[in-house]
Structures are given as C-alpha cells and as structure tokens.
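# Tertiary structure, described
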Amino acid sequence: METSGEVSKLHFLLFPFMAHGHMIPTLDMAKLFATKGAKSTILTTPLNAKLFFEKPIRSFNQDNPRLEDITIQILNFPCTELGLPDGCENTDFIFSTPDLNIGDLNLKFSLAMKYFIEPLEQLLETMRPDCLVGNMFFPWATKVAEKFGVPRLVFHGTGYFSLCASHCIKLPKNVASSSEPFVIPDLPGDIVITKEQVIEKEEDSVVGRFMKEIRDSERDSFGVLVNSFYELEPAYSDYFKSFVAKRAWHIGPLSLGNRKFEEKAERGKKASIDEHECLKWLDSKKCDSVLYMAFGTMSSFNNEQLIEIAAGLDMSGHAFVWVVNKKSSKVEKEDWLPEGFEEKTKGKGLIIRGWAPQVLILEHQAIGGFLTHCGWNSLLEGVASGLPMVTWPVGAEQFYNEKLVTQVLKTGVSVGVKKIMQVVGDFISREKVERAVREVMVGEEKRKRAKDLAEMAKNAVKEGGSSDLELDRLMEELMLVKLQKEKV
Ligand code: UDP
C-alpha cells in the first residue's frame, strides 16, 4: 500500500497501447494525476521506455519534486516470437512487406498484445495498484485486473461522439450503394454518414470479433476514461453515460496540461526542425494567416497525392506549415514535390519532414486553420487552440471525428474524402484541397465558434472546471474502493 504521512495516496498503473497517439495522452494523464497527488506507474516495453518515456518523465519529476512521482515499469515484448519484425515495439516500426500491407500488420500487432496477459498478471500480483488504466486494445485487461481486485478503467483515446456513433451504427441493408448517405440511428443530431466511411465490420470477421471483445470488456470494467471535455460534446457525453458505458469520466483536453516550452516542443519525439526557428518563422506572419497541415503518425500518402496537395496549397494562396511524415522503411528520393515547389513558395510555406512540434505550432497566433486527418489527439489539440479545420479522415474512427467537426461543432469543412482505407485514403484533387483551405481560412463564423470552444476547453481544465471536477470525482470513487479494501 502506498502511504505518505497520514494520507494514503492513490496509485495508478497506466498501460498504453504502443503507438504515439496512445502514449502521448497517457503521459499527459500521468502528469495530471501527479498534480492531484497520485502516483503513477507507466507500463511499457524497453524500446518505448527509452525512446519515449524516460526523458520527459525525468524532467517532470525533477521539475516537480513535491508532486508524486511517475515511474516506468518495463515488460519485455518478444517481437520475433510473436511473428513481428525484430524491434517492432511500436506502430512506428511497422512497414509494409511484400506479404503484408500496413493495415494487416497493424492488426497483427494489435492482436499480439495478448502476449501481455501473463506478465500483467504477475505484475498485479505483487504491485497491487489502486487502478489499472488499460488501453482499449487490451480487452483482456478487465478480467486480469478483476482477478486481483484492481478496478480497471478503459482508455480509448477518442472522444464521446465517436464512441456513441460506433455504439449506434447499424449498417442499413436497404441503402442502394455504399456511398449513399444515411442517418446513424438513435445518435443525437441526425448525423449523416455512408457505409464506406464506417470502420465497423461484420461480427464474424477478425476485426468484428476483436471489437466485440473491446465492447464486452468495457461493459465489465470500472468505467471509461475520456480525453474530452463536457462543453465540447454535451449531448454525446450524456448519451454515452446513459446508454453506452456504465460510467465515464472526461478529464481533457489532456494536452493543455503541458505548460512549459520544453514539454510542448518535445511532446512525442524530438522535432525534425529547430523549434525556435519554426516559431521565428511563424512570428513573421500575420495573426490567423497560416494553415497547419498534418496527418498524424499512422497515415501516409503516395507521391501522386502529395504532389496534388502541394498544388492545391499553392493554388489556395495561403501561407502554410506542412508536415510530411513518409512512412517507409527505405529512404526515398524526394520525388513527391512538384518541380521547384519550395523555391516558388519560399517565405510562404514551411515543410517539416518528419516530426513537428505540433502543439507549439498550433498554439501560435499566426496559425489560422488546421488541415487534419482527424486523429482524436490532433483534433482536440486543434480545438484547444481555437482553430477552424479542414477535415481529411483516413482510417480508424476518424470519419466519426470528422462528422463531429463538420456537422455538430460546425467549425470545419470536409476536403471530401469518400471512403475509409486502412492506411492511405482515397485520392483528393488539387481543386478540392484549394476549395476547402480557402473556405476555412476566410470563414469568420467558424473561426469565432472555434475560438469560443478553445475558451471552454481552457476553463474545463482549470480548478473547478468541468474536467477538473470530474477527475476529482473519479479519484474520490477510487479512494473509497481503496479504503474499503484496506479495511478488509
Ligand atoms: N504529433 C506531433 N508531431 C507530429 C505528428 C504527431 O506532435 O509530427 C502528435 C500530435 O500532436 C498528436 C499525436 O502525435 O498528439 C497523434 O495522435 P492523433 O490521435 O492525432 O493521430 P494518430 O497518429 O494516432 O493517427
């Protein structure tokens, strides 16, 4: 049992899925718990500890010696024994092979997580934390935690809207084609989508069975932890708590917990650009005049699409920062830019090849719009920075997130992607890019709504704000469970 003086402190064990989109908010969460006087242990593999967690945790503990510590617990992950490439401890290291495409490899990687069942059992037996925050990709974690009397919280890494949409989606059999729009039944707001934008698969497919396992484990867990804030999606927060999961707590936007320059600059990875240079470049631009364009950590476009994006950006006439993260095991020749593009757009456009200090850039006053793949972390970071968005979903639950932006919040414009792909989306013409960018960069109403939402986001995480209170409530509940256990 963890004790500090008279008061017994809560101890969270956080187990993130090994992908940046999950590890980043998990680290933010551990820092948040520390500010509330709880101790956190992050469970991860050797490579992820070294590449991702060690440095920021050391800095955090040094900078905050009076807060409870964050520590790392390592579990080995024998990639090759599990049929994965050597050293493949993170989705970053997944590349297509002649036999398997990235989508299939990602699925294989997710299913390989079952390996952790036994090591986790052994750990819980000795560690006995007060709560296990286990990622959605570990559906077996609910039962493992139950065996040792540890409450298990599920962290999906997405918001209420997409969780509710996924719950409500019942693909209608009577639509004429998979591109015909239909209203998602029962979901508040008459949200329109098409069959080919939906990730859910038949229950008897591998993905379908895995998703059912996830839903069942959520139902049997202590509840769900959501990186969102009430004011962003009140109808869906209410719906989720009434009809989907027994209980849920929203504690976000988690990115707002990063206050120091270094925390924002090196969030995730070392940036591929000097942060100060990047900010200096932005300082030279007018307020709200620059579009930031990035597609997260998993999406990757072919050369043809990148050339089209470049042409569309150029035609829009707006200044831009464009993050190009080419996911490939080989160093490729740079033949993805139109001839002379960088010279032509010099001073107007900045291309970051690799990792961008995204939060730092989004918060800069020169940024006036965000073209995003609608990964939930990016989307919420855009919301917290008060930005109208161009939505370009690619996979996972990103089409649902797009509908939140375009149909509910009305702070964005869709670039017009028609169908979900596993990793690479369908082809978008330069004219579509130009149209959507122009519309978002000049749309005053959308900008005003986006700025209001950012204000709400900041208030939500302040002391007494909706997310702050929700975290207090969660910690009180967990403390009750802990005290009851200690009495026995
Ligand atoms: N990110 C970043 N720099 C990059 C690419 C990504 O800081 O160059 C961060 C981004 O701020 C976000 C996370 O990585 O916090 C990506 O998560 P998201 O859910 O947006 O997308 P995913 O990569 O999971 O599809």
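Please refer to the structure placed before this passage.
In short, a report on the structure. Just so it is clear, the structure is predicted and the values come from calculations on it, not from any experiment.

### Considering the packing of aromatic side chains
Tallied over the full model, the rule gives 22 aromatic pairs. Each ring, one from Phe 77 and one from Tyr 115, has its centre 6.2 Å from the other, and the planes form 65°; the classification is edge-to-face. Taken together, the positions of Phe 77 in the loop between β5 (70-74) and α3 (102-111) and Tyr 115 in the loop between α3 and α4 (117-127) put the pair 38 residues apart, joining distant regions of the chain. Members of the aromatic cluster, each reached through a chain of ring pairs, are Phe 15, Phe 17, Phe 77, Phe 109, Tyr 115, Phe 116, Phe 137, Phe 138, Trp 140 and Phe 210. Just above the ring of Phe 222 sits the side chain of Arg 247; from NZ or CZ to the centre is 4.6 Å. The aromatic ring of Trp 281 is capped on one face by Lys 285, whose charged end is 4.3 Å from the ring centroid.

### Regarding the site of the ligand
Neighbouring the ligand are 17 residues; Thr 297, Ala 356, Asn 377, Ser 378 and Glu 381 lie closest to it. Between the ligand and Thr 297, the relevant distance is 2.4 Å, taken from an oxygen atom to a side-chain nitrogen or oxygen of the residue. Take Ser 378: an N or O atom from its side chain is 2.5 Å from an oxygen atom of the ligand. Relative to its unbound accessible area of 540 Å², the ligand is 94% covered by the protein chains. Elements with a contribution of two residues or more to the shell around the ligand: α1 (20-35) and α14 (376-384). Broken down by element, the shell around the ligand gets its largest block of residues, 4 residues, from α14. For the shell around the ligand, the class distribution of residues is 6 nonpolar, 9 polar and 2 charged.

### Brief notes about the sheet that holds strand β6 (residues 131-135)
With parallel pairing, the 7 strands of this open sheet are ordered in space as β5-β4-β3-β6-β7-β10-β11. The strands lining the two open edges of the sheet, one partner per strand, are β5 and β11 (248-250). Geometrically, the sheet is characterised by an average inter-axis angle of 25° between neighbouring strands, direction not taken into account. Where strand β10 (residues 223-226) lies against β11, 3 bridges are found, and the strand directions are parallel. When the sheet's bridge partners are listed, Val 226 is paired in β11 with His 250. Helix-sheet contacts for α4 involve β3 (11-15), β4 (39-44), β5 and β6, and the interaxial angle to β3 is about 170°.

### A short note on the nonpolar core
What tends to happen in soluble globular proteins is that the nonpolar side chains get buried as a cluster. By size, the foremost hydrophobic cluster in this structure holds 93 residues, and its most contacted members are Leu 120 and Tyr 292. Discounting residues that sit within four places of it in the chain, Tyr 292 has contacts with Val 321, Val 323, Ala 356, Gln 358, Ile 361, Leu 362, Ile 367, Gly 369, Phe 370 and Leu 371.

### Observations regarding the packing of α1 against helix α2 (residues 46-63)
It is the contact of α1 with α2, at a shortest axis distance of 12 Å, that shows an interaxial angle of 25°. The angle between α1 and α2 places the two elements in the roughly parallel class. The element α1 and its partner α2 pack so that their crossing is right-handed. Residue-level inspection shows His 20, Met 23, Ile 24, Leu 27, Lys 31 and Ala 34 of α1 in contact with α2, the latter providing Asn 48, Phe 52, Phe 53, Pro 56, Ile 57 and Phe 60. In terms of residue class, the contact of α1 with α2 is built from 9 nonpolar, 2 polar and 1 charged.

### Some words on α2
Structural remark: α-helix, 3.6 residues per turn; residues separated by three or four positions point the same way. With 18 residues, α2 extends 24 Å between its outermost C-alpha atoms, agreeing within 8% with the 26 Å of an ideal straight helix rising 1.5 Å per residue. At Phe 53, α2 shows its strongest bend, of approximately 55°, with the proline Pro 56 following within four residues. Within the span of α2, buried status applies to Asn 48, Ala 49, Phe 52, Phe 53, Ile 57, Phe 60 and Asn 61. Buried residues belonging to α2 abut α1, β4, β5 and α9 (261-265).

### Overview of the pattern of salt bridges
For the structure on display, the rule yields 28 salt bridges. Residue Asp 216 is joined to Lys 212 by a salt bridge in which the shortest nitrogen-to-oxygen separation is 2.9 Å. Remark: Lys 212 and Asp 216 occur in helix α7 (residues 206-219); sequence separation between them is 4 residues, near one turn of the helix. You can call Asp 216 partly exposed: its relative accessible area is 23%. Ionic contacts of the salt-bridge type, sharing partners, join the residues Lys 212, Asp 216, Arg 219 and Asp 220 into one network.

### With respect to the sheet that holds strand β12 (residues 290-294)
Pairing is parallel in the open sheet, where 6 strands are placed in the order β14-β13-β12-β15-β16-β17. Because the sheet does not close on itself, it has two edges, and the strands there are β14 (349-353) and β17 (412-414). Taking each pair of neighbouring strands and ignoring which way they run, the sheet shows an average axis angle of 15°. As paired strands, β12 and strand β15 (residues 367-372) are joined by 5 bridges and run parallel to one another. The residue of β15 that forms the bridge with Ala 294 is Thr 372.

### Description of the pairing of β6
For β6, the buried fraction is high: 5 of the 5 residues fall into the buried class. Side chains Cys 131, Val 133 and Asn 135 of β6 all project onto a buried face; the interleaved residues Leu 132 and Gly 134 project onto the opposite face, where all are buried too. One ladder, built from 4 bridges, connects β3 with β6; its direction is parallel. In the sheet register, Phe 15 faces β6, and the bridge partner there is Gly 134. The pairing of β6 with strand β7 (residues 152-155) spans 4 bridges and is classified as parallel. Each bridged residue has a counterpart across the sheet, and for Val 133 the counterpart in β7 is Leu 153. On the question of chirality, the crossover connecting β6 to the parallel β7 by way of helix α5 (residues 141-147) is right-handed.

Criteria and thresholds
- Residues numbered from 1 in each chain as written.
- Predicted model: local features only at pLDDT ≥ 70, side-chain atom pairs only at ≥ 80, totals over all residues.
- Heavy atoms only, no water.
- Phe/Tyr/Trp six-rings, centres within 6.5 Å; stacked < 30°, edge-to-face > 60°.
- Helix = DSSP H or I, 4+ residues; strand = E, 2+ residues; numbered from the N terminus.
- Lys NZ or Arg CZ within 6 Å of the ring centre and 35° of its normal.
- Near = heavy atom within 4 Å.
- Polar contact = N/O pair within 3.5 Å; in protein donor to acceptor, adjacent residues only side chain to side chain.
- Areas by Shrake-Rupley, 256 points an atom, 1.4 Å probe, with all protein chains shown as cover.
- Nonpolar A, V, L, I, M, F, W, Y, C, P; charged D, E, K, R; others polar.
- Pairing = 2+ DSSP bridges.
- Axes fitted to C-alpha atoms, helices over the stretch in contact; angles between N-to-C directions.
- Contact = heavy atoms within 4.5 Å.
- Core = buried A, V, L, I, M, F, W, Y, C linked by side-chain atoms within 4.5 Å.
- Buried < 20%, exposed > 50% of the residue type's maximum accessible area, 1.4 Å probe, protein only.
- Parallel < 35°, antiparallel > 145°, perpendicular 65-115°, else oblique.
- Left-handed = near helix turned anticlockwise from the far one by under 90°.
- Expected span 1.5 Å × (residues − 1).
- Bend = angle between axes of the 7 residues up to and from the residue.
- Salt bridge = Lys/Arg side-chain N within 4 Å of Asp/Glu carboxyl O.
- Right-handed = clockwise from strand over helix to strand, strands pointing away.

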